[in-house]
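Structural features, examined
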There are 2 protein chains.
Amino acid sequence: MESRRQEILDAALAIADEKGLEAVSMRAVAERAGVTAMALYPHVASKADLLDSMVGRLLTELVPHAEPGQDWRQRLRSLARAGRKLAHQHPWGATLLFSRPSVTPDAAGVVDLFYTLLLDAGVPPAQVPRLERLVSTLILGFAASEVGGRFGPGDLDPRERRGMLRGQPLPGHKALVRWLEAPVNWDAEFEADVDDLVRLIEAAAGR
Amino acid sequence: MESRRQEILDAALAIADEKGLEAVSMRAVAERAGVTAMALYPHVASKADLLDSMVGRLLTELVPHAEPGQDWRQRLRSLARAGRKLAHQHPWGATLLFSRPSVTPDAAGVVDLFYTLLLDAGVPPAQVPRLERLVSTLILGFAASEVGGRFGPGDLDPRERRGMLRGQPLPGHKALVRWLEAPVNWDAEFEADVDDLVRLIEAAAGR
DNA sequence: ACCTGAACACCGTTCAAGT
DNA sequence: ACCTGAACACCGTTCAAGT
């Protein structure tokens, strides 16, 4: 019934994965779908509508990753890992998610997995919506920082790394030189962050 | 010496604040600076370079907000609040920060405030860089979610809010209807999140 | 109902030309 | 050194016209 719209969406997703979000133009999508740009408009209201549908697709891919039989800790971990992995596979998605409401039919399925997980952990219901936002914001923020380049190498020169910036001292950097030299293991850092989230949830549950 | 570049930057910032990031075109910036678009290029290498300088300006505005005399908890709170306030004043900045390395001369000053704060809290040096990223990612992610619309109203219909989506049940939503009806106090939620960060830092320090 | 071609009002950037 | 005007290769979207 809506197969034409699906084909357009597939074309847009393929372009975004292959060449990045900025390559997703109505003209490029249309060409890939074998049609002119203006032929898209009966099926998608606007480019914004198309982008919304793209993030929707991404979110539905996440739903199968919290098998109900498991411990809440295991479900949190597998959801977090799946979210991060998805961001690595579709870097355009992480950035886009910040500019779209999370209270959307496509997102509700994922949000519900977090809700049930937090309830199972024993978090008081009144605290669950806030903690869901805290947890999902940190996971999304971490993934967005990785794929967006915020956690990237940067361009500090050796002097700056050692704690001197434009004549001003950087005492924190200076004290940490030894620990700032080693390359970061991002997999391990993500797991440590999820461990901290687990402890934070346990603390919220135990009161 | 570089006053021409500063004028261009001022024009770009004014346009972004008034009409949003998408209104910042080389032509619009040039017109505001009283010059043609091509006259910008001797002063800014590209549009990307211009955007980088814009986030740089934002970050330097943050530095004065952690007075060294105070308790680390107070400094964390005032830095967090200042960061969130800045995102509200310049919504374009939050989104942009995810796509720029945080290890940049302009950012180093802010990062250093977090480093010293965490060291003062007694966090083991080996843990400081990770916790700095965790803390700044949550603060930035929260602010980006607010100004980007991720925390916005969304478009769930009443049936969906009560726990039924496309024939599938949403058990978490169903259990939480009572707590999902009330409007969210975002100021209070942000403070609660910062409280959780404080506890997390205390836990990292005490071991 | 669905698609096309031309057009409108834009983009970032290059390049030859001016002062 | 700094600026201009024209041009190139693009954008999203509207609109009249075709089938």
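What comes next is a walk through the structure. Bear in mind the structure is a predicted one, so any value in this text is a computation, not a measurement.

**Re the interface of chain B and chain A**
- Residue-level contacts link 62 residues of chain B with 62 residues of chain A.
- A combined buried area of about 5200 Å² lies between chain B and chain A, and 64% of that area is made up of carbon and sulfur atoms.
- Joining chain B to chain A, the criterion identifies eight salt bridges.
- In this structure, the salt-bridge partner of Asp-106 of chain A is Arg-166 of chain B, at a minimum N-O distance of 3.4 Å.
- Between the two partners, chain B and chain A, sit 20 residue pairs in polar contact (both at pLDDT 80 or more).
- Listed by contribution, the elements that provide at least two residues to the side of chain B that touches chain A are helix 6 (105–120), helix 7 (128–148), helix 8 (158–161), helix 9 (171–180) and helix 10 (186–205) of chain B.
- With 15 residues, the single largest contributor to the side of chain B that touches chain A is helix 7 of chain B.
- Taken together, the residues that form the side of chain B that touches chain A break down as 33 nonpolar, 15 polar and 14 charged.

**Examining helix 3 (residues 47–62) of chain A**
Residues and elements named next belong to chain A.
- With 16 residues, helix 3 should cover 22 Å at 1.5 Å per step; its first-to-last C-alpha distance of 24 Å lies within 8% of that length.
- Buried residues of helix 3: Leu-50, Leu-51, Ser-53, Met-54, Val-55, Gly-56, Leu-58, Leu-59 and Leu-62, and no others.
- On its buried face, helix 3 is in contact with helix 1 (3–19), helix 2 (26–32), helix 4 (72–89), helix 5 (91–97) and helix 6 (105–120).

**A short note on the protein's contact with DNA strand C**
- The full set close to DNA strand C counts 15 residues, and Thr-36 and His-43 of chain A together with Met-26, Arg-27 and Tyr-41 of chain B are the nearest of them.
- The protein-proximal atoms of DNA strand C, defined as those within 4 Å of the protein, are 55% sugar or phosphate.
- Between a phosphate oxygen of DNA strand C and a side-chain N or O atom of Tyr-41 of chain B, the distance comes to 2.7 Å.
- At a separation of 3.0 Å, a phosphate oxygen of DNA strand C approaches a polar side-chain atom of Lys-47 of chain B.

**Describing the pattern of salt bridges**
- Considering all chains together, one arrives at 34 salt bridges over all chains under this definition.
- Note that Arg-81 of chain A is salt-bridged to Glu-191 of chain A, the shortest N-O span being 2.8 Å. Of the two residues, Arg-81 of chain A sits in helix 4 while Glu-191 of chain A sits in helix 10 (residues 186–205), which places them 110 residues apart along the sequence.
- Of the charged contacts in the structure, one is a salt bridge between Asp-49 of chain B and Arg-5 of chain B, with a shortest N-O distance of 3.3 Å. Here the residue Asp-49 of chain B occupies a position in helix 3 (residues 47–62), and Arg-5 of chain B occupies one in helix 1 (residues 3–19), the gap between them amounting to 44 residues.
- Ionic contacts of the salt-bridge type, sharing partners, join the residues Arg-130 of chain A together with Asp-193, Asp-196 and Arg-199 of chain B into one network.

**A closer look at the protein's contact with DNA strand D**
- In the vicinity of DNA strand D there are 15 residues, among which Met-26, Arg-27, Tyr-41 and Lys-47 of chain A together with Thr-36 of chain B approach most closely.
- The sugar and phosphate moieties of DNA strand D supply 53% of its atoms located within 4 Å of the protein.
- Here a phosphate oxygen of DNA strand D sits 2.8 Å away from a polar atom, N or O, in the side chain of Tyr-41 of chain A.
- Here a phosphate oxygen of DNA strand D and a side-chain polar atom of Arg-4 of chain B are 3.3 Å apart.

**Re the packing of aromatic side chains**
- In total, this model carries nine aromatic pairs over all chains according to the counting rule given.
- Taking 4.7 Å as the distance between ring centres and 20° as the angle between the ring planes, the aromatic pair formed by Phe-98 of chain A and Phe-98 of chain B counts as stacked. Of the two residues, Phe-98 of chain A is situated in the loop between helix 5 and helix 6 and Phe-98 of chain B in the loop between helix 5 (91–97) and helix 6; the pairing between them involves two chains.
- Here Phe-98 of chain B falls in the buried class, since its relative accessible area comes to 3%.
- Feature note: the residues Phe-142, Phe-151, Trp-186 and Phe-190 of chain A constitute an aromatic cluster, connected by ring pairs.
- Over the ring of Trp-179 of chain A we find Arg-178 of chain A; its NZ or CZ atom is 4.9 Å from the centre of that ring.

**Examining the relation of the copies chain B and chain A**
- Mapping chain B onto chain A calls for a screw motion: a turn of 180° about the axis and a shift of 0.0 Å along it, with 0.0 Å RMSD after fitting. Each copy turns onto its partner about a two-fold axis.
- A share of 98% of interface residues in chain B that are also interface residues in chain A marks the association as one of identical surfaces.

**Topic: the packing of helix 3 of chain A against helix 6 of chain A**
Residues and elements named next belong to chain A.
- Closest axis-to-axis distance for the helix 3/helix 6 pair is 8 Å, and the angle between their directions is 25°. The angle between helix 3 and helix 6 places the two elements in the roughly parallel class. When you trace helix 3 past helix 6, the crossing you get is left-handed. Facing Gly-56, Leu-59, Thr-60 and Leu-62 of helix 3, the residues of helix 6 in contact are Asp-106, Ala-107 and Val-110.

**A short note on helix 9 of chain B**
- Those residues of helix 9 of chain B lying buried are Gly-172, His-173 and Leu-176 of chain B. Taken down its axis, helix 9 of chain B places every buried residue within 85° of arc, on the same side. Exposed side of helix 9 of chain B, more than 90 degrees from the buried face: Lys-174 and Arg-178 of chain B are the residues found there.
- Looking at the buried positions of helix 9 of chain B, the neighbouring elements they touch are helix 6 and helix 7 (128–148) of chain A together with helix 8 of chain B.

**Section: the packing of helix 6 of chain A against helix 7 of chain A**
All names here are of chain A.
- Their axes nearest at 10 Å, the elements helix 6 and helix 7 cross at an angle of 120°. In terms of axis orientation, helix 6 runs oblique to helix 7. Crossing handedness for the pair helix 6 and helix 7: right-handed. When helix 6 is examined against helix 7, the residues Val-111, Phe-114, Tyr-115, Leu-118 and Leu-119 are found in contact with a partner set consisting of Val-128, Pro-129, Leu-131, Glu-132, Val-135, Ser-136 and Ile-139.
- Its residues assigned to classes, the contact of helix 6 with helix 7 comprises 10 nonpolar, one polar and one charged.

Reading the values: rules and limits
- Residues numbered from 1 in each chain as written.
- Chains lettered and ligands numbered in written order.
- Predicted model: local features only at pLDDT ≥ 70, side-chain atom pairs only at ≥ 80, totals over all residues.
- Heavy atoms only, no water.
- Contact = heavy atoms within 4.5 Å.
- Buried area = accessible area lost by both parts, 1.4 Å probe.
- Salt bridge = Lys/Arg side-chain N within 4 Å of Asp/Glu carboxyl O.
- Polar contact = N/O pair within 3.5 Å; in protein donor to acceptor, adjacent residues only side chain to side chain.
- Helix = DSSP H or I, 4+ residues; strand = E, 2+ residues; numbered from the N terminus.
- Nonpolar A, V, L, I, M, F, W, Y, C, P; charged D, E, K, R; others polar.
- Expected span 1.5 Å × (residues − 1).
- Buried < 20%, exposed > 50% of the residue type's maximum accessible area, 1.4 Å probe, protein only.
- Near = heavy atom within 4 Å.
- Phe/Tyr/Trp six-rings, centres within 6.5 Å; stacked < 30°, edge-to-face > 60°.
- Lys NZ or Arg CZ within 6 Å of the ring centre and 35° of its normal.
- Least-squares fit on C-alpha atoms with pLDDT ≥ 70 in both.
- Axes fitted to C-alpha atoms, helices over the stretch in contact; angles between N-to-C directions.
- Parallel < 35°, antiparallel > 145°, perpendicular 65-115°, else oblique.
- Left-handed = near helix turned anticlockwise from the far one by under 90°.
- Arc of directions from axis to C-beta.

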